[in-house]
Amino acid sequence: MENRQSKYQEWVENLVKTKANQEKEEFRQVIAAGNTRQDLTRPTLESLLQQGYTTVQWDSQGSREPKCMELQNMQWTLADFLTGLMHDAPMFEKSHPGCLCKIVVTGPGMQNTVIDTFGNVETI
Ligand SMILES: [Zn+2]
């Protein structure tokens, strides 16, 4: 019974992973076509806010886009970063659609976390 349950769980996890990858791939294609204002960071950032993360710092990743260069090392509170959005796009709204910059999210006693515009999370 336990084995069957873990197999089921594995199946669900794989399904979720596949779906997430498919969505990312579709998202990449839409961005490549240049017709979206949406990035995928909001749900991730809201979850980090709930976990106690407080601060966002921009990392332009060496981008040469003028808007991205202006944002390099700029800081916000995480709450401000998510406030007053016109689109579901906390990062693109500040830079541009298709931006490949990253942000570093930190908080007291929290591990530094890097987010890209696809909503991928990496702790450093
Ligand atoms: Zn950028």
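Residues numbered from 1 in each chain as written. Predicted model: local features only at pLDDT ≥ 70, side-chain atom pairs only at ≥ 80, totals over all residues.

Chemist: Even after reading the chapter, I still don't get the overall build of the protein chain, so can you show me in this structure?
Modeler: From N to C terminus, the protein chain includes four helices and five strands. By its C-alpha atoms, the protein chain is 55 × 40 × 25 Å across when sized along the principal axes. Relative to its 124 residues, the protein chain shows a buried fraction of 22%. Contacts in the protein chain between residues at least 24 apart in sequence constitute 64% of all its contacts with a sequence separation of at least 6. (Helix = DSSP H or I, 4+ residues; strand = E, 2+ residues; numbered from the N terminus. Buried ≥ 20, exposed ≤ 12 C-beta atoms within 10 Å, placed from the backbone. Contact = placed C-beta atoms within 7 Å.)

Chemist: I'm lost on the sheet that holds strand β1 (residues 55-59) in this one. Help?
Modeler: Read from one edge of the open sheet, five strands run β2-β1-β3-β4-β5, paired in antiparallel fashion. In the strand order of this sheet, the two ends are held by β2 (75-77) and β5 (121-123), each with one partner. Each strand axis lies, on average, 25 degrees off the axis of its neighbour in the sheet, ignoring direction. Direction of pairing for β1 relative to β2: antiparallel, over a ladder of three bridges. Along β2, the bridge assignment pairs Gln57 with Gln75. (Pairing = 2+ DSSP bridges. Axes fitted to C-alpha atoms, helices over the stretch in contact; angles between N-to-C directions.)

Chemist: Help me understand the nonpolar core in this model?
Modeler: Where a protein is soluble and globular, its nonpolar side chains tend to be buried together. Counting residues in each nonpolar core, the largest one holds 17 residues, and the members touching the most others are Leu78, Met91, Cys101, Ile103 and Val105. The set of elements that each furnish at least two residues to this core consists of α2 (42-51), β1, α3 (66-71), α4 (78-81) and β3 (102-106). Excluding residues that lie within four positions of it along the chain, Leu78 makes contacts with Leu45, Leu48, Leu49, Tyr53, Thr54, Thr55, Val56 and Val105. (Core = buried A, V, L, I, M, F, W, Y, C linked by C-beta atoms within 7 Å.)

Chemist: Hey, could you run me through the domain arrangement of the protein chain in this one?
Modeler: Much of the literature gives interface size as the accessible area that the parts lose upon coming together. Entries for the protein chain in the domain assignment read domain 1 (1-35) and domain 2 (37-123). One C-alpha centre belongs to domain 1, the other to domain 2; they are set 23 Å apart. Among the residues making up the side of domain 1 that touches domain 2, the classes are represented as two nonpolar, one polar and one charged. (Domains from an automatic or database assignment. Nonpolar A, V, L, I, M, F, W, Y, C, P; charged D, E, K, R; others polar.)

Chemist: What is the right way to look at the environment of Lys102 in this model?
Modeler: Along the chain, Lys102 falls in strand β3. Lys102 sits 45 residues away from Gln57 along the chain, and the two C-alpha atoms are 8.7 Å apart.

Chemist: Could you clarify how one ought to interpret unusual backbone geometry in this entry?
Modeler: The bulk of non-glycine residues show a negative phi, and the bulk of peptide bonds are trans. The phi torsion at Gln61 lies on the positive side, around 60 degrees, for a residue other than glycine. With respect to the secondary-structure elements, Gln61 resides in the loop between β1 and α3. On the basis of neighbour count, Gln61 is assigned to the exposed category, with 12 C-beta atoms found within 10 Å. In this model, Asn73 sits at a positive phi of 65 degrees, which is unusual for a non-glycine residue. Structurally, the position occupied by Asn73 is in the loop between α3 and β2. Judged by local crowding, Asn73 falls into the exposed class, with 9 C-beta atoms found within 10 Å.

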